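# Structural description and commentary
What follows is each chain in one-letter form.
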Amino acid sequence: MGNREDEKIEDKIAALNGLASHERWMAYLDTVAQLPYMTAVKQQITELLELHPGDSVLDAACGTGDDVQAMAAYVGPTGRVVGLDIHEKTLIEARQRAEGLGLPIEFVRGDVQQMPFADDTFTCCRSERMLQHLPDPRRALSELARVTQPGGRIVLYDTDWETLIVDASDADTTRAILHAKRADVRQGWIGRQLMALMREASLHDITVIPSTLILTDGPLAIALHELRPAATLALQHGEITQAQHDAWFAELLLRHQEQRFFSAVTAFTVCGRKL
Ligand SMILES: C[S@@+](CC[C@H](N)C(=O)[O-])C[C@H]1O[C@@H](n2cnc3c(N)ncnc32)[C@H](O)[C@@H]1O
């Protein structure tokens, strides 16, 4: 999957820049979810889960709960979809979005590293863009395997931040900023580690599917990949100067105006089965 994101997104960027913290986070999740790349990834995850009517499904770290709602259509009224997330405010948003829809779904607060579910509760589990934030992804995998029924599938999707590239003329400044970005993500290499984590959790029939998000909209890429905070870190660590920092962003915005901006990052969707 390699997509150009050519849609008009100025209003979304404005929303990302202007809103208070929780609203901004929700706007961030919605903006990412609406990228054609992400829509395709989410569809692929659902297909890999092979959902059937009556299934019991877990979305670990469900965010806004939109994926929980989408999966409810596959499991039907005899099934059940549970969205787990650690943040109460996020769950309030998820519950509000689902209110009145009459779907067989529920939202539960909890830590994926220690989940409040009995062994073998779910037919299958998904988790998207969550492991990169965790102190102990191995523990999360072991928990996901524990709550999945024998024969059930687990599908993970996460980014490998070392694969983030941005075209710019100052290679040293680019490397320093992208390095700071990767180092600022708790598990910046999680994408390449997903397959081994699945094996260590005794999962079988593992498949790995890479996908690359290409962004040719400079302001969107700067906002979504949080390049300004990364550049500030590089500056604070003395890896770049203020002049290099300012020149780098000025060049990226010029490239955007001239339709020469290019960035890409690769993520991996990994599917495994519990024996
Ligand atoms: C990048 S968001 C992705 C949300 C959702 N999966 C999506 O695709 O839109 C990461 C989510 O992980 C949740 N999260 C972070 N640490 C967690 C933990 N230890 N247990 C459960 N959820 C966690 C956050 O609250 C956030 O909603």
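See the structure shown above.
Residues numbered from 1 in each chain as written. Predicted model: local features only at pLDDT ≥ 70, side-chain atom pairs only at ≥ 80, totals over all residues. Heavy atoms only, no water.

### A short note on the overall build of the protein
The condition that has to hold: Counting from the N terminus, the helices are DSSP H or I runs at least four residues long and the strands are E runs at least two residues long. For a compact globule the rule gives 2.2 Å times the number of residues to the power 0.38, and the radius of gyration it is set against comes from C-alpha atoms. Contacts were defined at the residue level, with two residues in contact if any of their heavy atoms lie within 4.5 Å. Working definition of accessibility: Shrake-Rupley area with a 1.4 Å probe, residue cover restricted to the visible protein chains. None of His or the chain ends enter the tally, which takes Lys and Arg as positive and Asp and Glu as negative. By convention, the point assigned to a charge is CZ for Arg, NZ for Lys, CD for Glu and CG for Asp.
Summing up its helical and strand segments, the protein has eleven helices and nine strands in all. For 275 residues, the compact-globule estimate of 2.2 N^0.38 gives 19 Å, and the protein sits close to it at 19 Å. Summarising its shape, the C-alpha atoms of the protein cover approximately 60 × 40 × 30 Å along the three principal directions. Pairs at least 24 apart in sequence give 79% of the contacts found in the protein among residues at least 6 apart. Within the structure as shown, the protein displays about 12700 Å² of accessible surface, and the carbon and sulfur contribution to it stands at 52%. Across the protein, the centroid of the 27 positively charged side chains sits 3 Å from that of the 39 negatively charged ones.

### Some thoughts on the site of the ligand
The line we're drawing: Here a residue is near a molecule or strand as soon as one of its heavy atoms is found within 4 Å of it. Any pair of N or O atoms that falls within 3.5 Å is considered a polar contact. Within protein, one atom must be able to donate a hydrogen and the other to accept it, and sequence-neighbouring residues count only if both atoms are side-chain atoms. For this classification, the nonpolar set comprises Ala, Val, Leu, Ile, Met, Phe, Trp, Tyr, Cys and Pro, the charged set comprises Asp, Glu, Lys and Arg, and every other residue, Gly included, is treated as polar.
Neighbouring the ligand are 19 residues; A61, D85, H87, D111 and E128 lie closest to it. Note that a nitrogen atom of the ligand is positioned 2.8 Å from one of the backbone N or O atoms of A61. Protein contact buries 94% of the 600 Å² of open area that the ligand shows by itself. The residue inventory of the shell around the ligand, partitioned by class, reads eight nonpolar, five polar and six charged.

### Digging into the pattern of salt bridges
Using the following cut-off: By definition, a salt bridge exists where a carboxyl oxygen of Asp or Glu is found within 4 Å of a side-chain nitrogen of Lys or Arg. Burial classes follow relative accessibility: with a 1.4 Å probe on protein chains only, a residue under 20% of its type's maximum area counts as buried, one over 50% as exposed, and anything between as partly exposed.
Within this structure, the stated rule accounts for 25 salt bridges. E128 is paired through a salt bridge with R129; the nearest N and O atoms lie 3.2 Å apart. In terms of burial, E128 and R129 fall into one category: buried. When the shortest N-O distance is used, the salt bridge between R255 and E251 registers 2.6 Å. You can see R255 and its partner E251 sitting in helix α11 (residues 242-257), four residues apart, about one turn around the helix. For the pair shown, R255 and E251 are each scored as buried. Members of the salt-bridge network, linked through shared partners, are K42, D59, D67, R126, E128 and R129.

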